[in-house]
Amino acid sequence: MKGNLDTFFKPKSIAVVGASKNPTKIGHAALKNILISDYECKIYPINPHEKEILGLRCYTKVAEVPGSIDVVLISVPAKLVPQILSECVKKQVKYVIIISSGFSEIGDHSLENELRQIINNTHIRVLGPNTMGYKNASDGLDASFVFGVPRKGNVALISQSGALGIGMIYLANNEFVGVSKIIGVGNKLDIDDDDLIDYFSTDPETKVIGLYIEGIKDGRAFMNSIKACHKPVLVVKAGRSAAGARATASHTGSMAGSDKIYSAAIKQAGGIRCRDVVELFDMAQALAGQPPAMGNRIGIITNGGGLGILLTDACEANGLQIPKLSAKTFKKIDKILPDLIKPNNPIDLVADAGFERYEAATSALLEDPNIDGVIVASVHGGYARPREFTGAILKMVRQRKLHETYKKPLLATWVGGREFEDLVWDLKAAGVPIYPSSWRTARSMHALYLEGERLKREENED
Ligand code: COA
């Protein structure tokens, strides 16, 4: 049964079946994560052998808990799960998270089918089995057993791999990408990617949705959810190769299916397929921090001709155009360049470019109605001063109110060493994605262009 997952992510009461005093056990970690969350709710440890765990009164079984329970986390060996799930159905629990492994991912479909039978024709919703649970960073609740605290932000992450999900939390923190919710879907017995895309589509805390998937159970529902979603959906689909497809079968019991069909289906539904999780975060950063590109005409600024050409090639390879400069823009930029240098697109500000040239060229491109997005690049060459390059961009963001004024995306690229690395954080913190690769920059601009196209389609359909 479908339905809004609001109570799932914001429960008033949670029970942990298999809660343990033993700090090495998953049931201990899950209970502790809930307890130390910056979130108010009733918490019930359940273990037939204990009276109290982590200072909380312990219950012998779900039925013994007074009042209703919104969410039950199960962390006991697989063979005990059907019995506990039946008790949850009887108790009219709303949601169950089955952390336990030992189901279809190890080839045991009968045990998973048993769970399916138990919840058939009931209102209960199940996440997992074989899941890490979720972390709701928007509201401060950690209903998982794993470490890692995501920076609060507006990217929702759905991962079929628990371990990769955790890796993504650290990667997101490192890349200054804030997360609204991160959820492991495991074997997807019931709660599936489409349910979560539907929920995040209207979640006010979420601006971008990212998925790591190994297999899709209901292709039509998945595509319909992406199509109906009001936000950009980024998809990493693993198992492209024959060997990779074999590996997905033993990881989450998924059938990888034809890769070409997946690519075509994701594209047709309006999603964006990413090569890997680094690309997902590159694009998520751009989509979360920048306005979409409402066309594919890109202006490039650099202090090194080589980097300008690499960016041009990468943009063209990703369906973007690098148009010639209009007469008005040419004039504005010509004024600030040394006499012998004439501006082109890409605009080479040459090796000794400082704050003034970067600032003037960036604002000229942003003001140009023939340009839909701007890439500003810097090579840490002999004369370059990285602080002046980032300073010019930061001035655009802070003093000129970049997005309100121009409504165009701005991405940055750098090639250099330590001195640059420190400055990169200033830009990321201000919401300007900066990449150490022309290809990664172009791919992210491509995502902003696709988002612009999606918005145009959405507007036309209204
Ligand atoms: N109700 C409540 N608690 C029960 C119970 C019941 N019916 N039966 C047993 N328990 C208790 C146990 O006594 C134990 O508590 P204790 O430490 O106080 O003795 C606790 O529940 C856990 O049971 P135990 O048998 O010790 O299991 P475990 O903690 O070693 O392993 C899992 C359980 C679920 C963690 C394990 O089976 C598993 O699946 N691990 C992999 C999980 C995973 O990686 N998931 C995917 C993540 S992406």
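In this text the structure is predicted, and so the values were computed from the model without any measurement.

Colleague: A description of the nonpolar core should follow, citing residues and the corresponding values.
Modeller: By size, the foremost hydrophobic cluster in this structure holds 47 residues, and its most contacted members are Phe8 and Leu73. Structurally, this core is a two-domain feature, drawing no fewer than three residues from each of domain 1 (1-129) and domain 2 (148-289). Setting aside anything within four residues of it in sequence, one finds Leu73 in contact with Ile14, Ala15, Val16, Val17, Ala30, Ile34, Ile97, Ile99 and Ala143. Ranked by size, the runner-up nonpolar core spans 44 residues in total, among them Ala172, Val179, Val208 and Leu411.

Colleague: Explain the environment of Ser104 residue by residue, including any values.
Modeller: In this structure, Ser104 sits in the loop between β6 (95-98) and α4 (109-119). On the basis of relative accessible area, Ser104 is assigned to the buried category, the value being 7%. Taking the C-alpha atoms as reference, Ser104 lies 9.2 Å from Asn130; in sequence the two are 26 residues apart.

Colleague: Can you explain the packing of aromatic side chains? Please cite residues and give values.
Modeller: Applying the stated criterion across every chain yields a total of 12 aromatic pairs. With 5.1 Å between their ring centres and 45° between their planes, Phe8 and Tyr95 make a pair best called tilted. Residue Phe8 is located in helix α1 (residues 6-9), and its partner Tyr95 is located in strand β6; the two are separated by 87 residues in the primary sequence. Residues Phe8 and Tyr95 agree in their burial class; the two are buried. Consider the rings of Phe176 and Trp425, whose centres lie 5.6 Å apart with planes at 40°: the pair is tilted. Taken together, the positions of Phe176 in the loop between α5 (162-174) and β11 (179-184) and Trp425 in helix α16 (residues 418-429) put the pair 249 residues apart, joining distant regions of the chain. The class of Phe176 is partly exposed, set by a relative accessible area of 32%. Each residue in the set Phe8, Phe9, Tyr95, Tyr134, Tyr199 and Phe200 is aromatic and connected to the rest through ring pairs, giving one cluster.

Colleague: Lay out the pattern of salt bridges with the relevant residues and their values.
Modeller: For the structure shown, the criterion picks out 25 salt bridges. For Arg385, the salt bridge is made with Glu388, and the minimal N-O distance between the two is 3.9 Å. When salt bridges that share partners are traced, they join Lys21, Glu50 and Glu52 into one network.

Colleague: So, the sheet that holds strand β13 (residues 233-237): which residues are in play, and what are the values?
Modeller: Across a sheet, strands are paired by hydrogen bonds formed along the backbone, either parallel or antiparallel in direction. Strand order across the open sheet formed by seven strands is β9-β8-β11-β10-β12-β13-β14, with mixed pairing between neighbours. This sheet does not close on itself; its edge strands, each paired only once, are β9 (141-144) and β14 (272-274). Averaged over all pairs of adjacent strands, the angle between their axes in this sheet comes to 20°, without regard to strand direction. Relative to β11, strand β8 (residues 133-136) runs antiparallel, the two being bridged by three bridges.

Analysis parameters
- Residues numbered from 1 in each chain as written.
- Predicted model: local features only at pLDDT ≥ 70, side-chain atom pairs only at ≥ 80, totals over all residues.
- Heavy atoms only, no water.
- Core = buried A, V, L, I, M, F, W, Y, C linked by side-chain atoms within 4.5 Å.
- Buried < 20%, exposed > 50% of the residue type's maximum accessible area, 1.4 Å probe, protein only.
- Domains from an automatic or database assignment.
- Contact = heavy atoms within 4.5 Å.
- Helix = DSSP H or I, 4+ residues; strand = E, 2+ residues; numbered from the N terminus.
- Phe/Tyr/Trp six-rings, centres within 6.5 Å; stacked < 30°, edge-to-face > 60°.
- Salt bridge = Lys/Arg side-chain N within 4 Å of Asp/Glu carboxyl O.
- Pairing = 2+ DSSP bridges.
- Axes fitted to C-alpha atoms, helices over the stretch in contact; angles between N-to-C directions.

The analysis is restricted to geometry; functional conclusions fall outside its scope.
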